[in-house]
Amino acid sequence: MSLFLQSLLDGLIAGSIYALFAVGLTLIYGTLHFINFAHGELIMAGAYFAYLFMMPPLHLSPFISGGCAIVGVVCLALLMDRSVFSPLRNANSLLLLIASLGISLFFQNLAQVIWGAEIRTFPFPLERGISLGPVVITPVQAWILIIAAGAIFLLYLFLKFTRAGKAIRSVSDNPRLAKTFGVETERVIRFVWIVAASLAAVGGVLYAADTNLEPHMGTINLVRAFAAVLLGGVGNVWGALIGGIVIGLSENLGVLILPIGYKDAIAFCVIILLLLFRPEGILGVRWGVR
Amino acid sequence: MENRIPILSIEHLTTGYARIQVLTDIRLEVFPSEIVCIIGPNGAGKSTILKAIYGFLPPWKGRIVFKGEDISHLPVTHRVTRGMVLVHQDQNIFPSLTIQENLEMGGYLVTKPSSRKARTEQIFEMFPFLRAKRKHPARSLSGGERQLLAIGMALMTNPELILLDEPSMGLSPQMMARVFSWVNQIHEAGKAILMVEQNAKQALEIAQRGYVFDLGKNRFEGKAAALLDDPEVKTVYLGGGGMDENLP
Ligand SMILES: Nc1ncnc2c1ncn2[C@@H]1O[C@H](COP(=O)(O)OP(=O)(O)OP(=O)(O)O)[C@@H](O)[C@H]1O
Ligand SMILES: [Mg+2]
């Protein structure tokens, strides 16, 4: 029983991180209509930027490093858009997808050149877990939950109550109508990149804090995010959020039954099953907010 | 009316989609506070005219003059800020935004939050059913309610000229009558309306003037009453149109 509850908690922690990845991926899809394969590399970049700031010579605190990582990843995403996606704005989504795959490979290899292929971890001191009844949570894990929940809450406030947030939702709902009322699509696209990149950076830092860093960490997380996006119905923000949590839970509960080596296969299976049987998604299709 | 200065005039407009030419040498004028109705068969280019006026299609030849200014090559936003708005034929609401958010988006360029709020209140006063459902996603509305919401959204910027593309499309006769009566009231509040309609008879009954388009060209124009009586317009363009078709 306590093993089950522990897996549930671990699943929730992992899922809250995947939710951050998935929401960004689905927001980009909602406005630009392609699955950005380079989203994984934004995640990876977030983790490595934070690592860079935490390690000597800079030695900044984890929070400040995380903040710097967000800024770095946002700049990287805007640069990607400017140099590759913006010239392809009216191209079909297959072309955009292939372009994003190219960017993804480029940054994976660039990271490997800079930091090497070895697995790294954040320089956190080992801390004893806190027992909460039958489950144990480490301080780092507690921070992960708090930060992930905070990021989602901020996203909710942004999308629901700000003029820019409403403009983003209107463009993903009906771009022609948004233009009719004077919404400038390019500005909205820039906002979406900023939001998606920030969430990827935060998620990447949290993921690295929970596990570790390596240059190819983006790939498996892209797969998880994609599975979560499909679960939620493509383009649906709150669906993707729930989808991320579901993927985190099913990975951690799945290994109670399956050998641990199959953990990474779970997201793949979800993708295959959904594409075969429910490409329109399962969750949140009728939710008020896209 | 014709000796006044038009609020909108289209001069020798030729345009189309990509390389497909749809409109040829179109002329059209709208005077302040009048309802002008465009009729014509399916595919005549009626929606295309409205889209071209609104700046979605750049003119290949000719000019679009709005309130004395050549707006042919100015962006859509400029039209909104100068007092023009377009209500599309279909997909003219944001289905997953709430009704209140839909109205707010209609007033996206009303940058002052207090004026946007006041405008929203005015629209709610016009259409109380929208206030009752303001927190619901717009997809929960019926066809006719959606059409009225779309009109409400267009009114958010307090425009002087409204381009209305087939406001009665797909509506029941009762709902259609309601929509037309609203169009009339908006006109009486002093706004100019350029309206495309399939239900030509009813539309011409509330309009002052009308244009008949066919195959992307001007065919007839004149006082609405005269068009209603013209034998050729009657047989070719009004025959079968109107309400009868929509009765069960
Ligand atoms: N996006 C588009 N791309 C290419 N051609 C188009 C496009 N939209 C319309 N057309 C073509 O332009 C012509 C005029 O279309 P338009 O929609 O303006 O007709 P309409 O008079 O509004 O007809 P309806 O009464 O059916 O609404 C048609 O031949 C149509 O096929
Ligand atoms: Mg049309």
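Remember, it's a predicted structure, so these values are computed and weren't measured experimentally.

Parameters and conventions
- Residues numbered from 1 in each chain as written.
- Chains lettered and ligands numbered in written order.
- Predicted model: local features only at pLDDT ≥ 70, side-chain atom pairs only at ≥ 80, totals over all residues.
- Heavy atoms only, no water.
- Contact = heavy atoms within 4.5 Å.
- Buried area = accessible area lost by both parts, 1.4 Å probe.
- Salt bridge = Lys/Arg side-chain N within 4 Å of Asp/Glu carboxyl O.
- Polar contact = N/O pair within 3.5 Å; in protein donor to acceptor, adjacent residues only side chain to side chain.
- Helix = DSSP H or I, 4+ residues; strand = E, 2+ residues; numbered from the N terminus.
- Pairing = 2+ DSSP bridges.
- Axes fitted to C-alpha atoms, helices over the stretch in contact; angles between N-to-C directions.
- Donors = N, O, S within 2.8 Å, 3.2 Å for Na, K, Ca; no water.
- Buried < 20%, exposed > 50% of the residue type's maximum accessible area, 1.4 Å probe, protein only.
- Domains from an automatic or database assignment.
- Nonpolar A, V, L, I, M, F, W, Y, C, P; charged D, E, K, R; others polar.

## Quick word on the interface of chain B and chain A
Line of reasoning, step 1. Taken together, the 28 residues of chain B in the interface contact 23 residues of chain A.
Line of reasoning, step 2. Across the interface of chain B and chain A, roughly 2,300 Å² is buried in total on both sides, 55% from carbon and sulfur atoms.
Line of reasoning, step 3. The largest share of the area that chain B buries against chain A comes from Phe 94, Ser 96 and Tyr 108 of chain B, three residues that together contribute 26% of it.
Line of reasoning, step 4. The tally of links between chain B and chain A comes to 4 salt bridges.
Line of reasoning, step 5. Put simply, Glu 104 of chain B and Lys 166 of chain A hold a salt bridge, and the shortest N to O gap is 2.4 Å.
Line of reasoning, step 6. At the surface where chain B touches chain A, the tally comes to 11 residue pairs in polar contact (both at pLDDT 80 or more).
Line of reasoning, step 7. At the level of secondary structure, the elements contributing two or more residues to the side of chain B that touches chain A comprise α2 (76-82), β6 (84-87), α3 (99-106) and α6 (143-155) of chain B.

## Some points on the sheet that holds strand β4 (residues 61-66) of chain B
Residues and elements named next belong to chain B.
Line of reasoning, step 1. Taking strand neighbours across the sheet as the criterion, the 4 strands line up as β2-β1-β4-β5 in an open arrangement whose pairing is antiparallel. The open sheet has two edge strands with one neighbour each: β2 (20-30) and β5 (69-70).
Line of reasoning, step 2. With 7 bridges connecting them, strand β1 (residues 8-17) and β2 associate as antiparallel partners. Counted as the bridge partner of Leu 13 is Ile 26 from β2.
Line of reasoning, step 3. Here helix α1 (residues 46-54) sits on the sheet in contact with β1, β2 and β4, set at roughly 110 degrees to β1.

## Concerning the coordination of the magnesium ion (ligand 2)
Residues and elements named next belong to chain B.
Line of reasoning, step 1. Coordination of the magnesium ion (ligand 2) by the protein is provided by Ser 47 (OG) and Gln 89 (OE1), with metal-donor distances spanning 1.9 to 2.1 Å. You can see Ser 47 sitting in helix α1 and its partner Gln 89 sitting in the loop between β6 and α3, a full 42 residues away along the chain.
Line of reasoning, step 2. Gln 89 gets classed as partly exposed once you look at its relative accessible area, which sits at 22%.

## Looking at the pairing of β4 of chain B
Put simply, side chains in a regular strand alternate between the two faces of the sheet.
All names here are of chain B.
Line of reasoning, step 1. Pairing of β1 with β4, which is carried by 5 bridges, proceeds in the antiparallel orientation. Among the inter-strand pairings, Thr 14 is bridged to a residue of β4, identified as Lys 61.
Line of reasoning, step 2. Pairing between β4 and β5: 2 bridges, direction antiparallel. Residue pairing for β5: Phe 66 is matched across the bridge by Glu 69.

## Observations regarding the domain arrangement of chain B
Residues and elements named next belong to chain B.
Line of reasoning, step 1. Under the domain assignment, chain B is made up of domain 1 (1-81 + 161-240) and domain 2 (84-158).
Line of reasoning, step 2. Taken residue by residue, the interface counts 27 residues in domain 1 and 20 residues in domain 2.
Line of reasoning, step 3. At the boundary of domain 1 with domain 2, total buried surface from both sides reaches about 2,100 Å², with 72% on carbon and sulfur atoms.
Line of reasoning, step 4. Connecting domain 1 to domain 2 are 0 salt bridges.
Line of reasoning, step 5. Linking domain 1 with domain 2 are 8 residue pairs in polar contact (both at pLDDT 80 or more), by the criterion used here.
Line of reasoning, step 6. The set of elements that each furnish at least two residues to the side of domain 1 that touches domain 2 consists of α1, α2, β7 (161-165) and α7 (173-188).
Line of reasoning, step 7. Counted by class, the side of domain 1 that touches domain 2 contains 19 nonpolar, 3 polar and 5 charged residues.

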